[in-house]
Each structure stands twice: as structure tokens, then as C-alpha cells.
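Architecture at a glance
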Amino acid sequence: MYTWATAPILIFILGWLPLYIAETTSRSEAVFQNAPYTLQWIMTFAMLGVFVSAVLSLPLLPARPSHKRSWMHAVMLLQWMLLPFTFILFGSVPAIEAQTRLLLGKRLGFWVTPKQVSQKP
């Protein structure tokens with residue numbers, strides 16, 4: 001539950017952290033200088049997995065409705081490419097907000113609006 005909220009942000013921020021730490025300490029240490037490049041390779045392999053998932057998901061989709069244009073496949077591929085940003089925006093931020101509310105003892109839940117059934121004449 002906690003990694004769901006923080007993992008995308010930590011991966012985004014902590015890749016370059018060794019270089020900022022290295023400014024205050026010795027910049028000659030190979031561990032500090034190679035950490036961003038090592039993370040880059042790891043993230044490249046992870047993104048290959050995302051792209052393979054995207055390509056494999058396209059044949060599993062139902063046939064395109066006739067009223068939809070053919071360029072909608074490009075839009076779907078764009079959605080897959082924006083996945084790392086949407087993880088942070090729509091996954092991490094709401095999860096951190098909910099966990100902060102829980103920590104502070106504030107109300108968690110939904111405010112359900114009252115519904116009325118209209119009478120048709």
C-alpha cells in the first residue's frame with residue numbers, strides 16, 4: 001500500500017540523487033557517478049517491458065467500431081507512452097493524499113449526492 005503511493009515518485013527523483021550528494025562529498029567516487037547511468041539502464045529495460053505490453057495488448061483489443069477513425073491506434077500508443085507520468089499524477093498523488101488524511105485522522109470516503117427519480121408524464 002505504501003509503495004503504490006511512493007514508488008513512482010522515488011524512482012523519478014532518486015536516480016539523480018547521488019550526483020547531488022556527490023557535490024557535498026567527493027565527486028571522484030565511481031559509485032556516485034555511475035548511479036544515474038545504472039538507473040538509466042534499469043529503467044530502459046523496464047520501459048521495454050511496458051512497450052512489449054503495449055504491443056501485445058493491441059491484438060487483444062476488439063475490432064475498431066466503424067465510426068472511429070484509424071488514427072485512434074496512435075492515440076492508444078501515446079497513452080502507453082504517457083504511462084510513467086500518469087502513474088505519478090493519477091496513482092501516487094491521490095494515494096499520498098489518502099494516506100495523509102488517514103495519518104491526520106481526517107475523514108476518508110465518498111460524499112454521495114442524493115438522487116431523485118423524475119416522473120415522466
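Residues numbered from 1 in each chain as written. Predicted model: local features only at pLDDT ≥ 70, side-chain atom pairs only at ≥ 80, totals over all residues. Heavy atoms only, no water.

1. Quick look at the overall build of the protein chain
When helices and strands are counted, the protein chain shows five helices and zero strands. The N-to-C order of helical and strand elements in the protein chain reads α-α-α-α-α. Out of the 121 residues in the protein chain, the part that is buried amounts to 10%. When contacts within the protein chain are restricted to residue pairs at least 6 apart in sequence, long-range pairs at least 24 apart make up 51% of them. (Helix = DSSP H or I, 4+ residues; strand = E, 2+ residues; numbered from the N terminus. Buried < 20%, exposed > 50% of the residue type's maximum accessible area, 1.4 Å probe, protein only. Contact = heavy atoms within 4.5 Å.)

2. What about the confidence of the model for the protein chain?
Mean pLDDT for the protein chain: 78, with 83% of residues reaching 70 or above. Confidence scores differ between elements of the protein chain, with helix α2 (residues 17–24) showing the lowest mean pLDDT of 65 and helix α5 (residues 83–104) the highest of 85. (pLDDT = per-residue confidence, 0-100.)

3. Regarding the layout of surface pockets
Size it by volume and the second largest pocket reaches roughly 180 Å³. Along its surface, the second largest pocket is lined by L58, L61, P62, A63, R64, P65, K68, M72, H73 and M76. The biggest single contributor to the lining of the second largest pocket is helix α4 (residues 72–81), with three residues. A class-by-class count of the residues in the lining of the second largest pocket yields seven nonpolar, one polar and two charged. (1 Å grid on protein atoms, 1.4 Å probe; cavity = no way out; pocket = protein on both sides within 12 Å on 5 of 7 lines; lining within 4 Å. Points joined across faces, edges and corners; volume = space filled by probe spheres on them. Nonpolar A, V, L, I, M, F, W, Y, C, P; charged D, E, K, R; others polar.)

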